[in-house]
Amino acid sequence: MLDAYVIEEIKRRERQRERDDRPVVQVPVPPPPDRGADDDDDHGERGVVIIDYD
């Protein structure tokens, strides 16, 4: 019979392997705009993105 630690380690590795097999979604992110030397104020558009995984 195996120790409880060994059994838990096997389960943990199986769960990790399942996570690694999931597809990954890559979100395209535009590069930041070029900032000049005279552009000290932050007047660009700002916002919040909420992603709901439910």
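Residues numbered from 1 in each chain as written. Predicted model: local features only at pLDDT ≥ 70, side-chain atom pairs only at ≥ 80, totals over all residues. Heavy atoms only, no water.

### Points about the overall build of the chain
Consideration 1: Tallying secondary structure elements over the chain gives one helix and zero strands in all.
Consideration 2: Per-residue burial for the chain yields a buried fraction of 2% across its 54 residues.
Consideration 3: In the structure as shown, the chain presents an accessible area of about 6,300 Å², 52% of it carried by carbon and sulfur atoms. (Helix = DSSP H or I, 4+ residues; strand = E, 2+ residues; numbered from the N terminus. Buried < 20%, exposed > 50% of the residue type's maximum accessible area, 1.4 Å probe, protein only. Areas by Shrake-Rupley, 256 points an atom, 1.4 Å probe, with all protein chains shown as cover.)

### Here's the deal with a positive patch on the surface
Consideration 1: Side chains of Lys-11, Arg-15, Arg-19 and Arg-22 sit close together on the surface and give a patch of like positive charge.
Consideration 2: Take Arg-15: it is sitting in helix α1 (residues 4–20).
Consideration 3: Residue class for Arg-15 comes out partly exposed when judged on its relative accessible area of 41%. (Patch = residues over 30% accessible without salt bridge, like charges linked within 9 Å, V, L, I, M, F, W, Y side chains within 5 Å. Salt bridge = Lys/Arg side-chain N within 4 Å of Asp/Glu carboxyl O. Lys, Arg positive; Asp, Glu negative; His and termini not counted. Charge placed at Lys NZ, Arg CZ, Asp CG, Glu CD.)

### Notes on the pattern of salt bridges
Consideration 1: The final tally for this structure, using the stated rule, is two salt bridges.
Consideration 2: A salt bridge links Glu-9 to Arg-12; the nearest nitrogen and oxygen atoms lie 2.5 Å apart. Within this pair, Glu-9 and its partner Arg-12 are both found in helix α1, separated by three residues, close to a single helical turn.
Consideration 3: According to the relative accessible area criterion, Glu-9 is buried, its value standing at 18%.
Consideration 4: A salt bridge links Arg-13 to Glu-9, with the shortest nitrogen-to-oxygen separation between them at 3.3 Å. Here Glu-9 and Arg-13 lie together in helix α1, a separation of four residues that amounts to about one turn.

### Quick notes on a nonpolar patch on the surface
Consideration 1: A cluster of nonpolar side chains, namely Leu-2, Tyr-5, Val-6, Ile-7 and Ile-10, defines an oily patch on the protein surface of about 470 Å² accessible area.
Consideration 2: Topologically, Ile-10 is positioned in helix α1.

### Quick notes on a negative patch on the surface
Consideration 1: Taken together, the side chains of Glu-14, Glu-18, Asp-20 and Asp-21 make up a negatively charged region of the molecular surface.
Consideration 2: Structurally, Asp-20 can be placed in helix α1.
Consideration 3: When its relative accessible area of 55% is taken as the criterion, Asp-20 is described as exposed.

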